[in-house]
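# What the coordinates show
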Amino acid sequence: VDALVLPAGPDLLYFTGYEAMPLERPTLFALTPGRAALLLVPELEVPRVGQLPEGVELEGWAETQDPLNVIARWLGSPSRVAIGDQAWASVLLGLQARLPRARFGPASPITRDLRMRKDAQEVACLRRAAQAADRVMAGLARRAFAGKRERDLAREVAELIVEEGHDVAAFAIVAAGENGASPHHEPGDREVREGDTVVVDLGGRRDRYFSDTTRCFSVGPPDPEYRRLYGILRQAHEAAVALARPGVRADAVDRAARAAIEAAGLGRFFVHRTGHGIGLEAHEHPYIVEGNDLLLETGMTFSVEPGIYLPGRFGMRLEDIVVVTGDGAQLLNGSPREIVEVG
Ligand code: ZN
Ligand code: ZN
Ligand code: ZN
């Protein structure tokens, strides 16, 4: 391509280290071969921009200026422009109107290749985030669940996420009893009772990298049926982790987890992909999903999170982050993987 244009978001953060405000005043990054890159930000946000990498020029646009005109002039007359997937339609439509001869395509084929392969420093950030998430799980194991509403527990989880070393809490799913069968349940007024199982999926951000982990809690001993299915879930998790290594297709890892659950006749209750990449975004490439023929490489990081969801009854998910190394997948999370019994 002749030009790469990125809006506020994780690609921009990756290239410049600058976390732009994703508001209606556009922040735009433009890169063309053989020239310095341009970071164009609203003038009032210039003071937020810290140290930029060498070769990136900073320019502020005034309230009365049209930032798309500035970018279009800077780009000249490109024939092929790659634009960040998360650019607002208004930005893309505005640039198309100003550059009628340019053909636009998505930037993700370029940016995801770079972002998927984490360097040692990025893996270290993800490991520290995962360890902070492990401490949240350990803290939760010491708390009482019975008598609290899902939303109260979710608030406690969010507080723990920050107390245990994240900069911000990103999400806290707390799904009690039958609500556990909804993988992305929104915590509500359902009170946790003796005998309930509770799915807790939590994540936060630390030094710009995300954590994401899920454990199942049981108020008192879990019933034998839950325990039996949980054994199958663990086999699925273990099979996926054992298979992941450089050169293995992403969808083979999905199939390994799915095979264990299908063998027990529960395939239709595992309603989502096995995992997603994680880094500057909580969900990013590579996706561990049927049909993804991407070959895993050293430095790729993703979740392994098989689940079994029985509508109207209960659900379960076991989620850890792994990094692909020459010796296979290494787990970044270290929390015990058994059902956690709480009061
Ligand atoms: Zn999810
Ligand atoms: Zn999760
Ligand atoms: Zn996840």
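Here's what I pulled together on the structure shown here. These numbers come from a predicted model, not from an experiment.

The protein atoms that coordinate the zinc ion (ligand 2) are Asp201 (OD), Asp201 (OD), Asp212 (OD) and Glu319 (OE), at distances of 2.0 to 2.4 Å. Seen from the zinc ion (ligand 2), its four donor atoms lie at angles of 57 to 147°, and the figure they make is irregular. As a motif over one chain, the donors of the zinc ion (ligand 2) read D-x10-D-x106-E. A separation of 4.8 Å is found between the zinc ion (ligand 2) and the zinc ion (ligand 1). Of the two residues, Asp201 sits in strand β8 (residues 197-206) while Asp212 sits in the loop between β9 (209-210) and β10 (213-219), which places them eleven residues apart along the sequence. The exposure class assigned to Asp201 is buried, which follows from its relative accessible area of 5%.

Within the structure, Asp201 has its side chain in polar contact with the side chain of Arg317 (distance 2.9 Å). When sequence neighbours within four positions are dropped, the list of residues in contact with Asp201 reads Phe171, Ala172, Ile173, Asp212, Thr213, Thr214, Arg317 and Glu319.

Here we take up unusual backbone geometry. At the junction of His285 and Pro286, the peptide bond is cis and its omega measures out at 0° in the coordinates. As for its position among the elements, Pro286 is in strand β12 (residues 284-288). Unlike most non-glycine residues, Asp207 shows phi in positive territory, near 45°. Examined against the element boundaries, Asp207 turns out to sit in the loop between β8 and β9.

Mapped onto the elements, Lys118 comes out in the loop between α4 (108-116) and α5 (120-141). Apart from the residues lying within four places of it in its own chain, the contact partners of Lys118 are Val123, Leu126, Ile278, Gly279, Glu284, Gly299 and Thr301.

On to a nonpolar patch on the surface. Taken together, the side chains of Val1, Ile110 and Leu114 make up a nonpolar region of the molecular surface, amounting to roughly 220 Å² of accessible area. The residue Ile110 is located in helix α4 in this model.

Our next topic: helix α7 (residues 224-243). An α-helical turn contains 3.6 residues, so any two residues separated by three or four positions project in the same direction. Across its 20 residues, α7 extends 29 Å between first and last C-alpha, which sits within 8% of the 28 Å expected from 1.5 Å per residue. Burial in α7 covers these residues: Tyr226, Leu229, Tyr230, Ile232, Leu233, Ala236, His237, Ala240 and Val241.

Now for the packing of aromatic side chains. This model, assessed by the stated rule, comprises four aromatic pairs. Look at Tyr226 and Phe314: their rings are 4.9 Å apart centre to centre, the planes differ by 70°, and that puts the pair in the edge-to-face class. Of this pair, Tyr226 sits in helix α7 while Phe314 is found in strand β15 (residues 314-317), placing the two residues 88 residues apart along the sequence. Take Phe314: its relative accessible area is 6%, and that puts it in the buried class. Taken together, Tyr14, Phe15 and Phe29 form an aromatic cluster joined through their ring pairs.

Turning next to the pattern of salt bridges. Across all of its chains, the model carries 28 salt bridges by this definition. Of the charged contacts, one joins Lys118 and Glu284 as a salt bridge, the two residues approaching to 2.5 Å between their closest N and O atoms. Of this pair, Lys118 sits in the loop between α4 and α5 while Glu284 sits in strand β12, and the two are 166 residues apart along the sequence. Looking at Glu284, the relative accessible area reads 5%, which means it is buried. For Asp189, the salt bridge identified is with Arg149, shortest N-O distance 2.9 Å. Taken together, the positions of Asp189 in the loop between β7 (168-176) and β8 and Arg149 in the loop between α5 and α6 (150-163) put the pair 40 residues apart, joining distant regions of the chain. Bridged by salt links that share partners, the residues Asp11, Arg115, Lys118, Glu281 and Glu284 form one connected network.

Strand direction decides the pairing type here: strand β1 (residues 3-7) and strand β5 (residues 80-83), joined by three bridges, are parallel. Of the residues in β5, the one forming a bridge with Leu4 is Ala82.

What counts, and where the lines are drawn
Residues numbered from 1 in each chain as written. Chains lettered and ligands numbered in written order. Predicted model: local features only at pLDDT ≥ 70, side-chain atom pairs only at ≥ 80, totals over all residues. Heavy atoms only, no water. Donors = N, O, S within 2.8 Å, 3.2 Å for Na, K, Ca; no water. Tetrahedral: all angles 85-135°; square planar, octahedral: opposite > 155°, others 65-115°. Helix = DSSP H or I, 4+ residues; strand = E, 2+ residues; numbered from the N terminus. Buried < 20%, exposed > 50% of the residue type's maximum accessible area, 1.4 Å probe, protein only. Polar contact = N/O pair within 3.5 Å; in protein donor to acceptor, adjacent residues only side chain to side chain. Contact = heavy atoms within 4.5 Å. Patch = residues over 30% accessible without salt bridge, like charges linked within 9 Å, V, L, I, M, F, W, Y side chains within 5 Å. Areas by Shrake-Rupley, 256 points an atom, 1.4 Å probe, with all protein chains shown as cover. Salt bridge = Lys/Arg side-chain N within 4 Å of Asp/Glu carboxyl O. Expected span 1.5 Å × (residues − 1). Phe/Tyr/Trp six-rings, centres within 6.5 Å; stacked < 30°, edge-to-face > 60°. Pairing = 2+ DSSP bridges.

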